[in-house]
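Chain and residue survey
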Amino acid sequence: MSDNLVQTSKFLSLILRHSPEKIGLALDPHGWADIGQLLVQSARHGRRLSREQLDEVVARDSKTRYAISGDGLRIRANQGHSLAAVDIALPPATPPAVLYHGTASRFVDAIRAGGLLPGSRNHVHLSSNRETAVGVGARHGKPVVLTVDAAAMQAQGHVFYLADNGVWLADAVPVAFIGFPCLVA
């Protein structure tokens, strides 16, 4: 993606996941925003976007962060919200037996003590493959990949959701279900 598209994607992430109020945008309870309103409010706040730019960001985003509604009138982030009022209303889903969570080595002790918590987001993000988890962990420092016994979690009543972009979501992951790698100093 060009630098302009990357910057536009970062802007959309901020507005659609965390702070729609920064531009006076309203999201519905499922995180959808009216595209016309998004374009108008963005321009009013110094960020001119065309519908074509918006469509290009959505189409070219390698992580499929955004979705446009079937009628083409609304947009939302597929996951990663920190807004308590947003519930993207995903149905419960059956995960693979093992999921992965990428983190930085400096967070491992805290995870050993309290499990995986969503922090400022609404859910813990998990992936179905180790490679994705390595990439996520590397964004935050020296990567560490944790395994999650998703089958055992689900058997004990924990619920999983699958976002439209393939990210697995859980409210939290208790320590008992986490496999920690042996870390070499």
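This report concerns the structure included in the present document. In this text, all values refer to a predicted model and were calculated from it rather than measured experimentally. (Residues numbered from 1 in each chain as written. Predicted model: local features only at pLDDT ≥ 70, side-chain atom pairs only at ≥ 80, totals over all residues. Heavy atoms only, no water.)

**Comments concerning the overall build of the protein chain**
The helix and strand inventory of the protein chain stands at 6 helices and 9 strands. Here the protein chain has a C-alpha radius of gyration of 18 Å; the compact-globule value for 185 residues is 16 Å, and the two agree. Across the 185 residues that make up the protein chain, the buried fraction comes to 42%. If you take every contact in the protein chain between residues at least 6 apart in sequence, the share linking residues at least 24 apart comes to 70%. (Helix = DSSP H or I, 4+ residues; strand = E, 2+ residues; numbered from the N terminus. Rg over C-alpha atoms; globule rule 2.2 N^0.38 Å. Buried < 20%, exposed > 50% of the residue type's maximum accessible area, 1.4 Å probe, protein only. Contact = heavy atoms within 4.5 Å.)

**Structural notes on the sheet that holds strand 2 (residues 66-68)**
The 3 strands are arranged 1-3-2 in an open sheet whose pairing can be described as antiparallel. Two strands in the sheet have a free side with no partner beyond their single neighbour: strand 1 (33-34) and strand 2. Pairing analysis gives 2 bridges linking strand 1 to strand 3 (residues 74-77), with the strands arranged antiparallel. Each bridged residue has a counterpart across the sheet, and for Asp34 the counterpart in strand 3 is Arg74. The sheet strands contacting helix 3 (residues 51-60) are strand 2 and strand 3, and the helix crosses strand 2 at an angle near 125 degrees. (Pairing = 2+ DSSP bridges. Axes fitted to C-alpha atoms, helices over the stretch in contact; angles between N-to-C directions.)

**Points about the packing of helix 1 (residues 3-18) against helix 3**
Between helix 1 and helix 3, the shortest axis-to-axis distance is 10 Å and the interhelical angle comes to 90 degrees. In terms of their interaxial angle, helix 1 and helix 3 are classed as roughly perpendicular. Here helix 1 contributes Asn4, Leu5, Thr8, Ser9 and Leu12 to the contact with helix 3, which in turn contributes Gln53, Leu54, Glu56, Val57 and Arg60. Class assignment of the residues belonging to the contact of helix 1 with helix 3 gives a composition of 4 nonpolar, 4 polar and 2 charged. (Parallel < 35°, antiparallel > 145°, perpendicular 65-115°, else oblique. Nonpolar A, V, L, I, M, F, W, Y, C, P; charged D, E, K, R; others polar.)

**A short note on the sheet that holds strand 4 (residues 98-104)**
In space, the 3 strands of this open sheet follow the order 4-6-9, with antiparallel pairing throughout. The sheet is open, and its two edges are formed by strand 4 and strand 9 (178-179), each paired on a single side. Here strand 4 pairs with strand 6 (residues 143-149) via 7 bridges, running antiparallel. The residue bridging Leu99 from the neighbouring strand is Val148, located in strand 6. Along the sheet face, helix 5 (residues 130-138) touches strand 4 and strand 6 and points at about 20 degrees away from the line of strand 4.

**With respect to the nonpolar core**
Leu12, Leu16, Leu25, Leu38, Tyr66 and Ile75 are the most contacted members of the largest nonpolar core, which has 27 residues in total. Mapped by element, the contributors of at least two residues to this core are helix 1, helix 2 (35-44), helix 3 and strand 3. At 5 residues, helix 1 tops the list of elements feeding residues into this core. Here Leu25 is in contact with Ile15, Leu16, Pro20, Ala33, Asp34, Gln37 and Leu38, once residues within four sequence places are set aside. (Core = buried A, V, L, I, M, F, W, Y, C linked by side-chain atoms within 4.5 Å.)

**Quick word on the pattern of salt bridges**
Between side chains of opposite charge, a pair can form when the charged atoms approach closely. Taken as a whole, this structure holds 5 salt bridges when the rule is applied. Between Arg60 and Glu56 there is a salt bridge, with the nearest N and O atoms lying 3.0 Å from each other. Taken together, the residues span about one helical turn, with Arg60 and Glu56 both in helix 3 at a distance of 4 residues. On the basis of relative accessibility, which here comes to 44%, the residue Arg60 falls in the partly exposed class. (Salt bridge = Lys/Arg side-chain N within 4 Å of Asp/Glu carboxyl O.)

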